[in-house]
Amino acid sequence: MRMTFGLLGPLTVGVDSVPQALPRATVLRGLLGALLLAEGERLPAGRLLELVWAEQADRVGRGAVHTGMSRLRTWLGRFGDEAVVLESDAQGYRLVTGPDAVDLGRFRRLAADGEPAGALALRRGPVLAGLERISREDPLVTSVEGEVRATVLALARSAAEAGASRAAVPALTALAEEHPFDEPVHAALLELLAADGRAAEALRRFQSLRRRLSEELGIEPGEQVQNVFLALLAQDREGSRTDPGPSRVPSQLPRDIPDFTGRDEQVRLVLDALAAGRVPVVAGMGGIGKTALAVHTAHRAAADYPDGRLYADLRGADETPADPAGVLAAFLRALGADPREIPASLDERSALYRTLLAGRRTLVLLDNAAGEQQIGPLLPGTPADRADRTDARPAVLVTSRTALTALPGSRLVDLQELDAPHARTLLGRILGDHRVAAEPVAAAQIVELCGGMPLAVRIAGARLAARPRWTLARLAHLLRDERRRLDELSAGNLAVRAGFAVGYARLSEPTRRTFRLLGLLDAPDFAPWAAAALADIPPEQAERQLEELIDAQLLQETGTEPHLRYRFHDLVRLYAREHAEATDAPADRTAALERAFGAWLWLAEQAADQVPGPCFAPIHGSAPRHPMPSGVAAALLDDPMAWFDAEQPALNASARQAAALRMVPAAWDLAACQEKYCDVRGLYDDWRTTHVAALQACRAAGDGLGTAVLTRGLIEVTTWTTPADGCGTAVELEGGTQTMVALEDHARHLQRLFEQVGEERGTADALVLTAWSLVAQGREEEALDAGRRALALATAHDHPGGEAKAHQIIAIAHGETDLDRTIEHLTETLRLARMIGNTRFEATAIQFLGAAHGRAGQVERGTELLLRSLAMARSLDDRYVEAFSLLYLAVLYAGTGDGRARDTAEAALAIARRFDLGHHLAQALGILGELDLAAGDHASAVAHLEESVLMWRARGWRSFLAEALRTLGRAYEAAGLPESAARVLAEARELSDIR
């Protein structure tokens, strides 16, 4: 059997040319479409969430992807085509198909061979038309649509050149109807219709397009469409609007940028400012595209300035500011002044310049201005004395690295990086859309490595265009090497490095040093106090230097007062780091990083003490701390969670950087200090990945204490959440060791690690983890023994958090066999949680107490406690505790026939899926299955309970699995599946008999 797939239109699947029904589930269709679009390239689970779930991605977890892929693999396997394989590993999923099995591959081959008509014959409509579960804005979709568009336009060009316009009209008409605002497509269609003798139809289409653009977007057709329209009207009168007059009208604008891309909003701001008589100042860092935007916009506005367009580059050949007197002399000559009569002084030249421009509709573009003082003499006079001709006035457009906010009448247009879609479009326009479309992943990597900087993208495109045999993947590989990236971003007389050098040269020497040292940090952004610690200067001096870097466009502000932060463009960071390595001694660079890491650690340690979270013993290492001034520290730590919210990305990056630099004590302590914060915020992936990086460094360095502390944290996060990346101590969800069974081995290993370094508080924590595993396996007496030993150690070594956790697990080990003792130990857990001021663990203790009272028949008391814990969890924004409280409430509601049971269980299920909480997910599915069974919805009950059983198998919690199997057995019986019911009920009895 041979499977074939169609993407160029509605999704289709065929076997030996016979159409097949698609999967009924829309999610499976979306996943299939996404994998086929990727053409064998691997897609991570997070990427698939964005593609298939789109705006719902933040409400579901990666577990939904894994479940969907498992179902899709089963569906594909039904057809028996051995060439079609759905592969998966820790990096993601990819679909391997047979040769020419996908119409997209055949389309691309025909298009590349110069056969656009044959390629387009494969097209049945928009890519994956009608497929609900796919993001139409995703690059995988838009890149293919871009290829189709380019192929249709290529067909139009070849048909026009061959005098066979009619052959291309249907394809172009279809594309124009699918893209009602794509002006180049409509312009090409108008030209084809005119060439085919259908000028009247072309004019009707133009009027329809013009009306649509005006009514829906509030704009007129662009220059390309207008030119076609004028050609239709003028017919053979081309070039009749020449001006034979002798007057001198300067036209000095540089050539327009033919591949100018994006910046629609900024173009509009400039045009609006010019129309209002303001001076638009286009500001931004070197290479960000200031000149390109200004020149392009000046050409757009040229028709409004019939008396001339003047241009001057105010940056001299040696990068020093150009002399305004020399610029004025050139302008005066261009305006017709006799060179012999040009005054000698700057003031007189400026006065003559204003006189010649008075009443003239002239546009002056001043490029690369250094400051207001340089621009002042070059500004025309105001039209106040010519109120009868307010439109007859000159206009000025300025570009500068600085904002020039002191310039009278200015309006700032601040340029930032191009977004990824526009940067990819720019790369395609320089390099050729067909090469970008052939390697969409590599193109996206190039754009990302260029940081969206137009100059960098332009250089990358130029290098590839000059090397037609290079793949995009090769350049992406070269750019990934940070030490070579700036070298690679150089082509001809273009170099990214040169743009940064101008700003660097203008800095004071102390600020240059701070700039270089800041470049050493991997942190994505930082606060002024971090810069002060790094440079070992007072915070006030650091803030002044940061402002100097902002003015030089070498640093960018993020956030707002009073929480301003600063970030580098990635390429500027490499430039700063390059200078640091060339200028500053290795010992100075190391000392600077130690101060920065020490400042983050000093603050993180204090903030963590105030964050409610797991009651593990706070164990720290010997890394040097860099204290902050008391006033600064007090302001920063006034709200510890807000401090972590701002600093967590920088803390993660710093921990990983310290690990890479073998600053091991700093690495593991920075990672460990984040555990409670990550737990409360549900940042489990960050927790895992940072711990793994630091743990590897600890093991390599033989740091026993760091190894033990990080292992403890990894066990905690991988036991109670579903690992998404398979790293560290994560366990396999399918076919691997069961989570709660594996926990015993991990916990006993952890106990040995803490015993080896003599840390008894850590040993108590390890014993509590062991007890959890033993409870899950049904070995309650052993669990009680481990819990009591943990309690004794924690009590003896002043570890009240450990005492609280020990009482909790002892209560759970007693379970329903002795509810009085269960409640007694949970009451003590609550007392200790309140004593140490840990509101998160207090909410947990209240939650367990509520569940225990509910099981004891005290429903009102149980409900009251659970509602209290739910309110506390929500006030802490703690999704983990919130989900557990909802689950226990749902159980109580279901037991009393309360109609709120289903909504409560579904709320818990949504949280569990979003945050990959395996235990919560399994329990929520079981509750919903029981509710479905009670409501007579047997099919839904079976679906919920089968997934719950699957999750409990992976978790390895025997009692929960047995209960889920029993309920599933009843559901099978109700659904008329006696054999399935007998099988699962037998397994449930076997589990219950194990002691």
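Preceding this paragraph is the structure being described.
Residues numbered from 1 in each chain as written. Predicted model: local features only at pLDDT ≥ 70, side-chain atom pairs only at ≥ 80, totals over all residues. Heavy atoms only, no water.

Colleague: Can you tell me about the environment of A322, naming the residues and giving the values?
Modeller: As for its placement among the helices and strands, A322 is situated in the loop between β7 (309-313) and α13 (324-334). Spatially, the C-alpha atoms of A322 and A312 are 9.4 Å apart, while their sequence positions differ by 10 residues. (Helix = DSSP H or I, 4+ residues; strand = E, 2+ residues; numbered from the N terminus.)

Colleague: How would you explain helix α34 (residues 739-756) if you had to name every residue and give the values?
Modeller: Spanning 18 residues, α34 covers 25 Å between terminal C-alpha atoms, matching the ideal 26 Å at 1.5 Å per step. Taken together, the buried positions of α34 are T739, M740, A742, L743, E744, A747, L750, Q751, L753 and F754. Taken together, the buried residues of α34 touch α33 (704-720), α35 (760-776), α36 (780-796) and α44 (938-955). Where α34 terminates, the next one or two residues include G758, which has phi positive at roughly 70°. (Expected span 1.5 Å × (residues − 1). Buried < 20%, exposed > 50% of the residue type's maximum accessible area, 1.4 Å probe, protein only. Contact = heavy atoms within 4.5 Å.)

Colleague: Quick rundown of the packing of aromatic side chains? Include the residues and the values.
Modeller: Scanning the model with the defined rule gives 21 aromatic pairs in all. Judged by centre distance (5.7 Å) and plane angle (45°), the rings of Y504 and F515 are tilted. On the criterion of sequence distance, the pair formed by Y504 in helix α22 (residues 496-505) and F515 in helix α23 (residues 509-518) is long-range, its members being 11 residues apart. Ring centres of F526 and Y566 lie 6.4 Å apart, and the angle between their planes is 25°; on these two criteria the pair is classed as stacked. Note that F526 is positioned in the loop between α23 and α24 (528-535) and Y566 in strand β14 (residues 565-567), a separation of 40 residues in sequence. A relative accessible area of 3% means that Y566 is categorised as buried. Directly above the ring of W470 sits R467, whose terminal nitrogen or CZ lies 5.1 Å from the centroid. The residue whose ring lies beneath R512 is Y504, and the NZ or CZ to ring-centre distance is 5.2 Å. (Phe/Tyr/Trp six-rings, centres within 6.5 Å; stacked < 30°, edge-to-face > 60°. Lys NZ or Arg CZ within 6 Å of the ring centre and 35° of its normal.)

Colleague: Summarise the pattern of salt bridges; cite the residues concerned and give the values.
Modeller: Going through the model one piece at a time under the given rule, you end up with 56 salt bridges. The residue R565 makes a salt bridge to E647 at a minimum N-O spacing of 2.5 Å. Separated by 82 residues along the polypeptide, R565 in strand β14 and E647 in helix α29 (residues 640-660) bring together distant segments of the chain. In this structure, D878 engages R840 in a salt bridge whose closest nitrogen and oxygen atoms are separated by 2.5 Å. Taken together, the residues span a long stretch of sequence, with D878 in the loop between α40 (859-875) and α41 (879-895) and R840 in helix α39 (residues 839-855) at a distance of 38 residues. (Salt bridge = Lys/Arg side-chain N within 4 Å of Asp/Glu carboxyl O.)

Colleague: Requested: an account of the pairing of β7, with residues and values cited.
Modeller: Most of β7 sits out of view: four of its five residues are buried. Here β7 runs beside strand β8 (residues 363-369); their pairing, made up of five bridges, is parallel. The partner of Y311 across the bridge, within β8, is L365. (Pairing = 2+ DSSP bridges.)

Colleague: I'd love a proper account of the side chain of T514, names of residues and values included.
Modeller: Mapped onto the elements of the fold, T514 is located in helix α23. Using a relative accessible area of 2% as the deciding quantity, one classes T514 as buried. When neighbours within four sequence positions are excluded, T514 is seen to be in contact with A535, I537 and Q545.

Colleague: Could you give an account of unusual backbone geometry, naming the residues involved and the relevant values?
Modeller: Positive phi, close to 55°, is recorded for L404, a residue that is not glycine. Inspection of the secondary structure puts L404 in the loop between β9 (395-400) and β10 (410-414). Phi angles above zero are rare outside glycine, and D798 is one such case at about 50°. You can see D798 is positioned in the loop between α36 and α37 (800-814).

Colleague: Provide a residue-level description of the sheet that holds β10, including the pertinent values.
Modeller: Here five strands make up an open sheet; going across it, the order is β7-β8-β9-β6-β10 and the pairing parallel. Every interior strand has two partners, whereas the edge strands, β7 and β10, have only one. Strand-to-strand, the axes of this sheet are offset by a mean angle of 15°, without reference to chain direction. Bridge count for strand β6 (residues 279-283) against β9 is three bridges, and the pairing is parallel. By the bridge assignment for β9, A283 is matched with S400. (Axes fitted to C-alpha atoms, helices over the stretch in contact; angles between N-to-C directions.)

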